[in-house]
Amino acid sequence: RLFEQVYTDYTAEYLKGPMYWHEDKLMGVLPQYPGEPIYMDNKLTSNVVGNLKTFSSNELAFLAFLFFGIGLYGNLMFNVYDPQWIQVATGNDFNVSYIVESFFLPISFFFHIACYIQRKNG
């Protein structure tokens, strides 16, 4: 009888732990990991930016400006200063470096957002 009581109490406490089912635990509802909250006091935490949470806001601002400059250079060179569509029309190839550099432009936006979040969190 004592064994049954202890077993029942232990099982009831165990089911209160991380093994219980709750609708908030369904995929896509709460993408938080235990111990790494995304929101605290209705503000985003540094855990939102993933691997960039160890960077300071100054470092992220530098990377945002760097990537913006490289991306803008690639876009302007491709379309304005060294038009690549004319190169293709004459039978030559694209300058691939301009294409690769232009991919840096959208990445700079995400660095900017991460910088803003880190700045707000101190």
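This is a predicted model, so every value here is computed, not measured.

*Asks:* Can you explain the side chain of glutamate 101? Please cite residues and give values.
*Replies:* With respect to the secondary-structure elements, glutamate 101 resides in helix α4 (residues 96-102). This buried residue, glutamate 101, is left without a salt bridge; arginine 119 holds the nearest opposite charge, at 27 Å. Discounting residues that sit within four places of it in the chain, glutamate 101 has contacts with Ile70, Gly71, Tyr73 and Gly74.

*Asks:* How would you explain helix α2 (residues 57-81) if you had to name every residue and give the values?
*Replies:* Relative to the 36 Å expected for 25 residues at 1.5 Å per residue, α2 spans 33 Å between its end C-alpha atoms, a close match to the ideal helical length. Listed as buried for α2 are Ser57, Leu60, Leu63, Ala64, Phe67, Gly71, Gly74, Met77 and Phe78. Buried residues in α2 make contact with α3 (84-89), α4 and α5 (104-121).

*Asks:* I'd love a proper account of the environment of phenylalanine 68, names of residues and values included.
*Replies:* Mapped onto the secondary structure, phenylalanine 68 falls in helix α2. Here phenylalanine 68 falls in the partly exposed class, since its relative accessible area comes to 41%. Through-space distance from the C-alpha of phenylalanine 68 to that of phenylalanine 109 is 7.8 Å; in sequence the pair is 41 residues apart. The residues contacting phenylalanine 68, other than those within four sequence positions of it, are Leu105 and Ser108.

*Asks:* Which residues make up the packing of α2 against α5, and what values do they have?
*Replies:* Two numbers describe a pair of packed helices, the interaxial angle and the distance between the axes. Where α2 contacts α5, the axes come no closer than 8 Å and their chain directions differ by 160°. Considering their axes alone, α2 and α5 lie roughly antiparallel with respect to each other. Crossing of α2 over α5 shows left-handed handedness. In contact with Ser57, Asn58, Leu60, Ala61, Leu63, Ala64, Phe67, Phe68, Ile70, Gly71, Leu72 and Asn75 of α2, α5 contributes Phe104, Leu105, Ile107, Ser108, Phe111, His112, Ala114, Cys115, Gln118 and Arg119. Taken together, the residues that form the contact of α2 with α5 break down as 14 nonpolar, 7 polar and 1 charged.

The rules behind the values
- Residues numbered from 1 in each chain as written.
- Predicted model: local features only at pLDDT ≥ 70, side-chain atom pairs only at ≥ 80, totals over all residues.
- Heavy atoms only, no water.
- Helix = DSSP H or I, 4+ residues; strand = E, 2+ residues; numbered from the N terminus.
- Buried < 20%, exposed > 50% of the residue type's maximum accessible area, 1.4 Å probe, protein only.
- Lys, Arg positive; Asp, Glu negative; His and termini not counted.
- Salt bridge = Lys/Arg side-chain N within 4 Å of Asp/Glu carboxyl O.
- Contact = heavy atoms within 4.5 Å.
- Expected span 1.5 Å × (residues − 1).
- Axes fitted to C-alpha atoms, helices over the stretch in contact; angles between N-to-C directions.
- Parallel < 35°, antiparallel > 145°, perpendicular 65-115°, else oblique.
- Left-handed = near helix turned anticlockwise from the far one by under 90°.
- Nonpolar A, V, L, I, M, F, W, Y, C, P; charged D, E, K, R; others polar.

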